[in-house]
Amino acid sequence: MARSGSGEMTEYKKIVIKRDLEMGVVMTVFRQKAERLTVQVIMETRQVAWTRTADKTDGVDLSEIREVRPGRNSKDFERFKDGKDKHNDNTCFTIFYGSQFVLNTLSLGDSVDEAQKWLIGLELLREETLAAPTPVLIEWLRKQMYSVNQTKKNLSVKELKALLPLLNYKVPGSRALKDKLQEVGVKKDRLDFEQFHKFYNLMMFEILDEFKREACSFILDFQRFLIYDQKELWANDLNQVRELMTIFIDDTMRKTNDPEFTVSEFLSFLFSKENSIWDEKFSDINNLDMNNPLSHYWISSSHNYLTGDQLLSESSTEAYVRCLRWGCRCVEVDCWEGPGEPIIYHGWTRTTKIKFEDVVKAINDHAFVASFPLILSIEEHCPIEQQRQMARIFKDVFGDKLLAEPVEQLAEQLPSPTQLRGKIILKRWNRHYCVISDDKLYYAEECEEEDEDLHCSEPWFHGRIQEGRLMAERLIHDYCAETGGQDGTFLVRQSDRYVTDFTLSFRTGRVQHCRIRSSTEGGHTYFLTPNLHFPSVYSLIEHYRENPLRCQDFELRLTEAVPKPDPHLQEWFYSNLSRGQAEDYLLRIPRDGAFLIRQREGEPDSFAITFRGDGKVKHCRIQKEGSVYLLGTTTEFESLVELVNYFKKKPLYRKIKLRYPVTPELVERFSPQNTVRALYSYQAKRPDELSFTKGALIHNVSKEVDGWKGDYGGRLQLFFPANYVEEVSNSAQTDAKAQYGKPHVLTLQHKEQDSVQFDLAAGSLEELFEWYQVAWDVTQREQMKQQEEVEKKAEVAMEMSDLVVYCQPRSKEKDRFSYSYKEVRSFMENKIPGKSRTKDFLRYNRKALSRIYPKNQRVESSNFDPYPLWAVGCHMVALNYQTAKYTQLNSALFSLNGNSGYVLQPEMMRSDDYDPHQEKKKVKYSIRVKVIAARHLPKPGRSIASPFVEVELCGHSEEKFKTIVYDNGLNPVWKAPAEPVEFSVFEPELSFLRFVVNEEDMFSDPNFLAQATFPVKGIRSRAEEELYSSSSQLRKKQAEHSEPFLYDTHSNKKINSSKFYT
């Protein structure tokens, strides 16, 4: 937050502001209702608190505050837009706090001066809290004491007994408790805070006896410990050792030239961030590493803007803010047509909608918490006018931040993060096709084809059948009638109702239908009954051909398969038509999009499609390979029917789709004798009628039951009155010769003015056709030119296109690695190039950008493992930040380089010799880990936690070990395994050391409590000795980068102060 007008404040002014906050003030608190409450900072517990009644105070820890934002910038204020609330924008502010992806808010309003004072004061206190060298135990103890009794300054023994289980500590027996209370000087069954503090120390030291032996009382003892046990080279400087000790000494009188540690103070050091395994040098940005091309970096990327799943959750500007403040440098903006303006939401789902302009403003406000370039991945579904609105909003809101021109016009590589500092780069993404089935959303990138399964080539698989169930029954009945088929005769088809499922139709006296369900839990499987899953439809069918299907009414095996009907029995298929005959057929029909498919002479597995395009006849070979029909060299289809249906929807040649099947009847209709001449002029009385003048020639006449139809003046197959015309016979050639001197006439008719026409006479049909072809080519080229202009505009507005400089999309042929450095390729996680293309993919990634996004089955917003994609140089591996799994690895990687969102890939990855598969075979070094102790673990439920720790090396391997379970959540000590565990590190740049604290419940099942993940590269290097260091990321560092994953997502318990050793 900018401290406007405050400048560099004096220490005195800071003290005054903090004192005022501690005194408190009555403010309007905006929650379910607007209330006037006393709000103050309680320094004893380091909390912002608001008082409801004399004995009821709610509070927010300063350590949990993520942002203090000025103005009416939260949803809390939206409930009070009815004019009753008189607070202006400059009198309000919001505290955003918490550790889940969706933050909690405390929205406040008062006077302008008070709002400004609190904005400055809270930011000061927040910064002090983050910079504090170690968690202050006194404040934690006061908070625990006040949680039981907010008004009194002491605790009764009864209240103490109630508090201990809440602290995850089992209440000692009556005699043991009485002895401890006597030891700390308790009288009259009440404890003041000093006695409570001593009681806490007794509990801690009782469990941590071994640390009494390690305790270093004097400065020289502590120096020896740092040098010989911790291998800290800087500890040779006694002044630095003295400075470190004074941080942990509570009593200022003991902060002398020869300081001494108590056992409690030594423990505080062991659990502090000063003893963390994290190397603080990686908390700073290495500016020397920011001068390579963008394609040399891993870039922190978010998949979307939702707060939960992909179907029903909330689209939120705060989701963008949360990601950006974490250091994310690539976010997705999914743009759709809205009422009068573009909107953002997950299309074709029930996720909520937010205004595009609100999103752009939120991005602008928070884009440069990390100052290096931000990439917006634009998925655009808007019409042309709203695209222009988008371009205008981008320019107006971002201003000079928006990159609209190349940094260097003649460059041959991407610019560096330093060159693009403070710039916003637009990346346009291709559209997706989506469909919803049950509670699942499936979506795929445009032009992307799914992999075929084994069942597709089987004769029993019929694909999608028209009239589904009825047609399946008819096919089975007909097959059994012809072959004498028996029970068990079957076929498989795609489900009529469920996109990803299939239907098994089989005979048991009558035809039965069973749904083959698909499941994505634990991998993609198929099943008829929930207790028996198969990896494919093929394996399911094979199983039931060998083993019986059982139900209450029958038990049978699948026997004979009903084959698919001959797909060639179509009106457009010819089994004995030569190439010359096919051309003759097509030449008779002056329609682009007319087509037929024929079997090539003497080649049973070879076919050809002959079609009209641009007035010319074209041929393309279709080769059958196994059960697949291959058009050209790359485009595969299950059948000729599928091929035809596909190109009826998609252009086959330029902009031309298959439209008119060339049947013998159609050829006959388009013969010359089907022409009539108008005896009288006629003006159409209905939209489906022709208008024509006397003498006009109407071609391609068909005599239907409900009237005659024909073509005239560019209008095709419209009705006209039969008594207004006469048929043209061969004598018409004589008439034409008499009129024009030549027997054949071609009439050119004005498209819009029927009275304007032009006749061309020819001496032969061949000459007439040449004239026709020239005229047709000219008109078609002009129509295509106009159509291309319209379609270009309909696809993307020039104003938007001009703003895309370095991230130009490429989805078609994206697995062919000829490329420009200015392009970007987006891949679904399971569609990246295979292992055989790894070197090509690596070579591409050194020069141009790639982005990977989750596959379509991840409806619950789950994540994929980013490691394999980072290993092949993928830059933007987009994860769902609202989901914990694998986002922890992402947070760990990007904690390097000061959480800037850019991490330079190792130089070896830019070498032609680099092979990620070979790197996994070379051990670079080893890490020895021993987990010793923890404290202040969260309490998962009513019972006291029984925690254990799992340690794993993530990345190229999944090595893992775990401690024994210990029935204590306040201060557990794990004495087994007794020896450190050793991990082999193959790729230090992409290996992560992860600690997970679980608790074992009454069923011996693990429940998540906390985690901390460190990049191996960021661990402080020490000699091969046992390490005594704590994961203080669980307090400050992870609070900024991955703290949402340090909390139990079910109980929402806090674990800021939990530590463990490695």
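Nothing here was measured: the structure is a model prediction, and the numbers come from that model.

*Asks:* Which parts of the structure should I look at to understand the overall build of the protein?
*Replies:* Along the backbone of the protein there are 26 helices and 51 strands. Split into buried and exposed, the 1062 residues of the protein put 52% on the buried side. For the protein, contacts bridging at least 24 residues in sequence account for 63% of all contacts bridging at least 6. Surface exposure of the protein reaches about 50,100 Å², of which carbon and sulfur atoms provide 48%.

*Asks:* Got a minute to help me understand unusual backbone geometry in this structure?
*Replies:* Peptide bonds are trans in most cases, and residues, glycine excluded, mostly fall at negative phi. Positive phi outside glycine occurs at Lys188, with the angle close to 60°. Although it is not a glycine, Ser861 sits at a positive phi angle of roughly 65°. If you trace the backbone, Ser861 turns up in the loop between strand E41 (849–853) and helix H23 (867–871).

*Asks:* What is the right way to read the packing of aromatic side chains from this model?
*Replies:* Where two aromatic rings form a pair, the distance of their centres and the angle of their planes describe that pair. For the coordinates displayed, the defined rule picks out 39 aromatic pairs. Aromatic side chains Phe222 and Phe261 sit 5.0 Å apart centroid to centroid with 70° between the ring planes, which places their arrangement in the edge-to-face category. With Phe222 in helix H8 (residues 219–229) and Phe261 in the loop between helix H9 (238–248) and helix H10 (263–270), this pair connects stretches of sequence that are 39 residues apart. Its relative accessible area of 0% is what places Phe222 among the buried residues. Judged by relative accessible area, Phe261 falls into the buried class, the value being 6%. Taken together, the aromatic side chains of Tyr680, Tyr682, Phe692, Trp708, Tyr712, Phe720 and Tyr724 make up a single cluster linked through ring pairs. Stacked on the ring of Tyr345, the Lys or Arg Lys353 has its end atom at 4.4 Å from the ring centre.

*Asks:* I tried to follow the pairing of strand E2 (residues 34–42) on my own but got confused; where do I start?
*Replies:* Side chains on a regular strand alternate between the two faces of the sheet. When strand E1 (residues 25–30) meets E2, the two strands line up antiparallel, connected through six bridges. Each residue of the ladder has a partner; that of Val25, found in E2, is Val39. The antiparallel hairpin formed by E1 and E2 contains three residues in its connecting segment.

*Asks:* For this particular structure, what's the right way to read the pairing of strand E14 (residues 374–381)?
*Replies:* For E14, the buried fraction is high: eight of the eight residues fall into the buried class. Inspection of the sheet shows strand E11 (residues 330–336) paired to E14 by seven bridges, in the parallel sense. Opposite Val333, over in E14, you have Ile378 as the bridge partner.

*Asks:* Honestly, the nonpolar core in this entry has me stumped. Any pointers?
*Replies:* Side chains that are nonpolar tend, in soluble globular proteins, to be buried together. Counting 53 residues, the largest nonpolar core has Leu893 and Val951 as the members making the most contacts within it. Beyond its immediate sequence surroundings of up to four residues, Leu893 is in contact with Trp298, Trp870, Val903, Glu989, Leu990 and Phe992.

*Asks:* Which parts of the structure should I look at to understand the confidence of the model for the protein?
*Replies:* Keep in mind that low pLDDT regions are not for reading the predicted coordinates in detail. Per-chain confidence: the protein averages 80 in pLDDT, with 82% of residues scoring 70 or above. Low pLDDT, under 50, characterises residues 1023–1062; the stretch is placed with 163 contacts to residues that sit more than four places away or in other chains.

*Asks:* For this particular structure, what's the right way to read the pattern of salt bridges?
*Replies:* A side chain of one charge can pair with a side chain of the opposite charge if their charged atoms are brought near each other. The tally for this structure, following the rule as stated, stands at 44 salt bridges. The salt bridge partner of Glu11 is Lys14, with a shortest N-O separation of 3.6 Å. With a gap of three residues between them, Glu11 and Lys14 both fall in helix H1 (residues 11–23), about one helical turn apart. Residue Glu11 is classed as exposed on the basis of its relative accessible area, which comes to 53%. Residue Glu67 pairs with Arg69 through a salt bridge whose shortest N-O separation is 2.9 Å. Look at Glu67 and you get buried, because its relative accessible area is 7%. Take Arg69: its relative accessible area is 8%, and that puts it in the buried class. A network of salt bridges, in which partner residues are shared, links Arg19, Asp20, Glu114 and Lys117.

*Asks:* I keep staring at the sheet that holds strand E46 (residues 947–954) and nothing clicks. Help me out?
*Replies:* The strands making up a sheet associate through hydrogen bonds between their backbones, and the pairing can be parallel or antiparallel. The strand order across the open sheet formed by four strands is E47-E46-E49-E50, and the pairing between neighbours is antiparallel. Lying at the two open borders of the sheet, with one neighbouring strand each, are strand E47 (959–962) and strand E50 (1006–1015). Neighbour-to-neighbour, the strand axes of this sheet turn through a mean angle of 15°, independent of strand direction. Inspection of the sheet shows strand E49 (residues 992–1000) paired to E50 by nine bridges, in the antiparallel sense. Across the sheet, the residue bridging to Arg994 is Thr1013, located in E50.

*Asks:* Explain helix H13 (residues 384–398) to me, please; I cannot follow it from the model alone.
*Replies:* Because each turn of an α-helix spans 3.6 residues, side chains separated by three or four positions end up pointing in the same direction. In this model, H13 (15 residues) spans 21 Å end to end at C-alpha, consistent with the 21 Å of a helix rising 1.5 Å per residue. Just downstream of H13 lies Gly399, where phi reads positive at about 60°.

*Asks:* So what exactly am I meant to see when it comes to the side chain of Glu829 here?
*Replies:* By the element assignment, Glu829 lies in the loop between strand E40 (823–828) and helix H22 (838–847). Excluding anything up to four places from it in sequence, Glu829 contacts Ile852, Tyr853, Pro854, Lys855, Arg858 and Phe864.

*Asks:* Looking at this structure, how should I read the packing of helix H12 (residues 356–366) against H13?
*Replies:* Axes are the key here: two packed helices are described by the angle between their axes and the distance separating the axes. Two numbers describe how H12 lies on H13: the axes approach to 10 Å, and their chain directions differ by 30°. Compared by their axis directions, H12 and H13 come out roughly parallel. As H12 packs across H13, the resulting crossing turns out to be right-handed. Where H12 approaches H13, its residues Phe356, Glu357, Val360, Lys361, Ile363 and Asn364 are matched on the opposing element by Met390, Ile393, Phe394, Val397 and Phe398. Of the residues belonging to the contact of H12 with H13, the class tally is eight nonpolar, one polar and two charged.

*Asks:* Sorry, what's going on with the sheet that holds strand E22 (residues 532–534) here?
*Replies:* The strand order across the open sheet formed by five strands is E18-E19-E20-E21-E22, and the pairing between neighbours is antiparallel. In the strand order of this sheet, the two ends are held by strand E18 (490–494) and E22, each with one partner. Averaged over all neighbouring strand pairs, the angle between strand axes comes to 30°, with direction disregarded. The sheet contact formed by strand E19 (residues 502–508) and strand E20 (residues 510–519) spans seven bridges and is antiparallel. The residue of E20 that forms the bridge with Arg507 is Val511.

*Asks:* It is not clear to me how the packing of helix H11 (residues 317–325) against H12 should be interpreted in this structure. Could you clarify?
*Replies:* Axis separation between H11 and H12 bottoms out at 9 Å; the angle between their running directions is 20°. As far as their axial angle goes, H12 and H11 are roughly parallel. The crossing of H11 and H12 is right-handed. Facing Thr317, Tyr320, Val321, Leu324 and Arg325 of H11, the residues of H12 in contact are Asp358, Val359, Ala362, Ile363 and His366. Its residues assigned to classes, the contact of H11 with H12 shows six nonpolar, two polar and two charged.

Quick notes on the rules
Residues numbered from 1 in each chain as written. Predicted model: local features only at pLDDT ≥ 70, side-chain atom pairs only at ≥ 80, totals over all residues. Heavy atoms only, no water. Helix = DSSP H or I, 4+ residues; strand = E, 2+ residues; numbered from the N terminus. Buried < 20%, exposed > 50% of the residue type's maximum accessible area, 1.4 Å probe, protein only. Contact = heavy atoms within 4.5 Å. Areas by Shrake-Rupley, 256 points an atom, 1.4 Å probe, with all protein chains shown as cover. Phe/Tyr/Trp six-rings, centres within 6.5 Å; stacked < 30°, edge-to-face > 60°. Lys NZ or Arg CZ within 6 Å of the ring centre and 35° of its normal. Pairing = 2+ DSSP bridges. Core = buried A, V, L, I, M, F, W, Y, C linked by side-chain atoms within 4.5 Å. pLDDT = per-residue confidence, 0-100. Salt bridge = Lys/Arg side-chain N within 4 Å of Asp/Glu carboxyl O. Axes fitted to C-alpha atoms, helices over the stretch in contact; angles between N-to-C directions. Expected span 1.5 Å × (residues − 1). Parallel < 35°, antiparallel > 145°, perpendicular 65-115°, else oblique. Left-handed = near helix turned anticlockwise from the far one by under 90°. Nonpolar A, V, L, I, M, F, W, Y, C, P; charged D, E, K, R; others polar.

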